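Report on the structure
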Amino acid sequence: MVIRLSDDYLIEHDGVSYSLFKDTHKVDKNGNPIYLPKGYFGSLGTAVAKYIKLEIVDANVSMTLKEYVDAYKQSVDRLERFLKL
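In this report, we go over the structure that sits alongside the text.

What counts as what
- Residues numbered from 1 in each chain as written.
- Predicted model: local features only at pLDDT ≥ 70, side-chain atom pairs only at ≥ 80, totals over all residues.
- Heavy atoms only, no water.
- Helix = DSSP H or I, 4+ residues; strand = E, 2+ residues; numbered from the N terminus.
- Buried < 20%, exposed > 50% of the residue type's maximum accessible area, 1.4 Å probe, protein only.
- Contact = heavy atoms within 4.5 Å.
- Areas by Shrake-Rupley, 256 points an atom, 1.4 Å probe, with all protein chains shown as cover.
- Polar contact = N/O pair within 3.5 Å; in protein donor to acceptor, adjacent residues only side chain to side chain.
- Phe/Tyr/Trp six-rings, centres within 6.5 Å; stacked < 30°, edge-to-face > 60°.
- Expected span 1.5 Å × (residues − 1).
- Salt bridge = Lys/Arg side-chain N within 4 Å of Asp/Glu carboxyl O.

**Observations regarding the overall build of the chain**
Helix and strand counts for the chain stand at 2 helices and 4 strands. Listed N to C, the secondary structure of the chain is β-β-β-β-α-α in terms of helices and strands. Within the chain, the fraction of its 85 residues that count as buried is 26%. Contacts in the chain between residues at least 24 apart in sequence constitute 30% of all its contacts with a sequence separation of at least 6. With the model as given, the accessible surface of the chain reaches about 5,900 Å², and the carbon-plus-sulfur share is 56%.

What follows is the structure, encoded as structure tokens:
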């Protein structure tokens, strides 16, 4: 099962564990999408928590603790909106 979190991230569940991948938006020579593994988790919740943190890290900016907390909340809000679609 594949769970799309955003245009850039997805979680794959194999019945036992959850794998978080980043979509490179590129394809290999056979036309298959190329995904970068970002972690392997025992629960969906921990995989989603890692996704939220990575989304902030991908911004690659320096921030205060308050800015980080605000960015974290914004990421959670974006994910909730995305999941409601």
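**Remarks on the environment of D14**
For D14, the location among the structural elements is in the loop between β2 (9–13) and β3 (18–27). From its side chain, D14 meets the backbone nitrogen of V16 in a polar contact 2.8 Å long. A distance of 2.7 Å separates a polar atom in the side chain of D14 from the backbone nitrogen of S17.

**With respect to the packing of aromatic side chains**
Aromatic ring pairs are reported here in terms of the distance separating the ring centres and the angle at which the planes meet. Throughout the structure, instances matching the rule amount to 3 aromatic pairs. Look at F21 and Y35: their rings are 6.4 Å apart centre to centre, the planes differ by 55°, and that puts the pair in the tilted class. Of the two residues, F21 sits in strand β3 while Y35 sits in strand β4 (residues 33–41), which places them 14 residues apart along the sequence.

**As for helix α1 (residues 44–58)**
With 15 residues, α1 extends 21 Å from end C-alpha to end C-alpha; this agrees with the ideal 21 Å at 1.5 Å per step. Among the residues of α1, A47, V48, Y51, I52, L54, E55 and I56 are the ones counted as buried. Following α1 by one or two positions, N60 adopts a phi angle in the positive range, close to 55°.

**Quick look at the pattern of salt bridges**
Applying the stated criterion across every chain, the model contains 2 salt bridges. The residue R4 makes a salt bridge to D23 at a minimum N-O spacing of 3.6 Å. Here D23 lies in strand β3 and R4 lies in strand β1 (residues 2–4), a separation of 19 residues in the sequence. Among the residues examined, D23 registers a relative accessible area of 10% and is labelled buried. The closest approach of N and O atoms between D70 and K66, which form a salt bridge, is 3.0 Å. Taken together, the positions of D70 and K66, both in helix α2 (residues 65–84) and 4 residues apart, correspond to about one turn of that helix. Of the residues examined, D70 reaches a relative accessible area of 30% and is grouped as partly exposed. Taking relative accessible area as the criterion, K66 reaches 58% and is therefore assigned exposed.

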